[in-house]
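Structural description and commentary
Spelled out from the first residue to the last, the chains are:
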Amino acid sequence: MDEILGEFFAILNSMGKHKKSLLALFLFFFLGFAALLFYKKDLQKSTAEKKVLAINVSPSPTPIPPTPTPTPTPTPEPTATPVPKGYCLNVPVIFYHHIQPQQMAKDKGQTSISVDNGMFDLQMGYLSSHGYAAITVKQLVDALIGHSGVPAKSIAITFDDGYKDNFENAFPVLQKYHLTANLMLATGLMGGPDYLSWDQVKQMAGSGLFYFTDHTWSHYSLGKGDPAKIKFEVDTARDQIQQHTGQTVNIFTYPYGTFTPQAISFLQQDGFVGAFSTLPGTLQCDSFLMTLHRTRIGNAQLSAYGF
């Protein structure tokens, strides 16, 4: 390029003044045109490169923050068993509903609240052979109120609602092993299908093996409690049990295990000195006489429940 420019200027010096002016003007336009061509070519190249870059290199999307690894909910530290208050006795209160053959329970859709009568026999035999003393719930409540003792290895056997299979299947087994039990009667159900008759209740009471508690008239939940309805349910059942058995009734068992402070207050004002819930546990204390604990028993050996 330098050699070409040198030759050009040499030719230019050999020319006349007029010709030099024309040549200079030509040179000016030539150089401008050349610059324009060079700029256009460079612009096209730059545009093409940018297009290629746009095609081959996609702009990086805004990064999505990584999902944090879930932190497992910490397992709470086991809380200490509350220190029992007042006078306490370690007496298991076990409870049943139906005692009947397992196939019968399946046919009736009652397996969740039934214990096979053969298994029940084994359970009662276990209590007898292992030195348990079956007591009434009245004996337990009286001992808690009076701060007195109960026989060693005391246990209370209870049956909820008043099913006729308690008479047909449980009663003979209790007689066989000479074990005392407790019936929590919903008295308005007596005589109905699948329930005890009052004559059967009298036979059980006359055996000396049963104590009866108030379980309301219609198996009414005291946790829902209209005061007038509660009074009718509780007082009617108590009156009927006392009339048919001759026993004084001042112990209550909550249907469905439900209760409220208002219900407890009513029972206490109505002369009840103790009541049983379905709260689990074997420790019974005078500080919760109106919500004493029970253990539900199913189709398993009693050793499986820690007895």
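Residues numbered from 1 in each chain as written. Predicted model: local features only at pLDDT ≥ 70, side-chain atom pairs only at ≥ 80, totals over all residues. Heavy atoms only, no water.

1. Here's the deal with the packing of aromatic side chains
- Following the criterion strictly, the structure yields 11 aromatic pairs and no others.
- When the centroid spacing of 5.0 Å and the interplanar angle of 25 degrees are considered together, the rings of Tyr-163 and Tyr-195 count as stacked. Placement of Tyr-163 in the loop between strand 6 (154–161) and helix 6 (164–177) and of Tyr-195 in the loop between strand 7 (181–185) and helix 7 (198–206) is noted, with a sequence separation of 32 residues between them.
- An angle of 70 degrees between the planes, with centres 5.4 Å apart, marks the rings of Phe-252 and Tyr-254 as edge-to-face.
- Residue Phe-252 is classed as buried on the basis of its relative accessible area of 0%.
- Residue class for Tyr-254 comes out buried when judged on its relative accessible area of 1%.
- Every member of this aromatic cluster is reached through a ring pair, and the members are Phe-167, Phe-171, Phe-210 and Phe-212.
- For the cation-ring pair, Arg-294 lies above Phe-95, with the distance from its terminal atom to the ring centre recorded as 4.3 Å. (Phe/Tyr/Trp six-rings, centres within 6.5 Å; stacked < 30°, edge-to-face > 60°. Helix = DSSP H or I, 4+ residues; strand = E, 2+ residues; numbered from the N terminus. Buried < 20%, exposed > 50% of the residue type's maximum accessible area, 1.4 Å probe, protein only. Lys NZ or Arg CZ within 6 Å of the ring centre and 35° of its normal.)

2. What to know about the environment of Asp-142
- For Asp-142, the location among the structural elements is in helix 5 (residues 137–146).
- Along the backbone, Asp-142 and Asp-286 are 144 residues apart, and their C-alpha atoms lie at a distance of 9.9 Å.

3. Examining the pattern of salt bridges
- A complete count under the given rule lists eight salt bridges for this structure.
- Among the salt bridges present, the one from Asp-142 reaches Lys-138, with a minimum N-O distance of 3.4 Å. Here Asp-142 and its partner Lys-138 are both found in helix 5, four residues apart, which amounts to about one turn of the helix.
- Exposure remark for Lys-138: the relative accessible area of 28% places this residue in the partly exposed category.
- Residues Arg-238 and Asp-235 are paired through a salt bridge, measuring 3.2 Å at the closest nitrogen-oxygen approach. Here Arg-238 pairs with Asp-235, and both are found in helix 8 (residues 227–245), just three residues apart, close to one helical turn. (Salt bridge = Lys/Arg side-chain N within 4 Å of Asp/Glu carboxyl O.)

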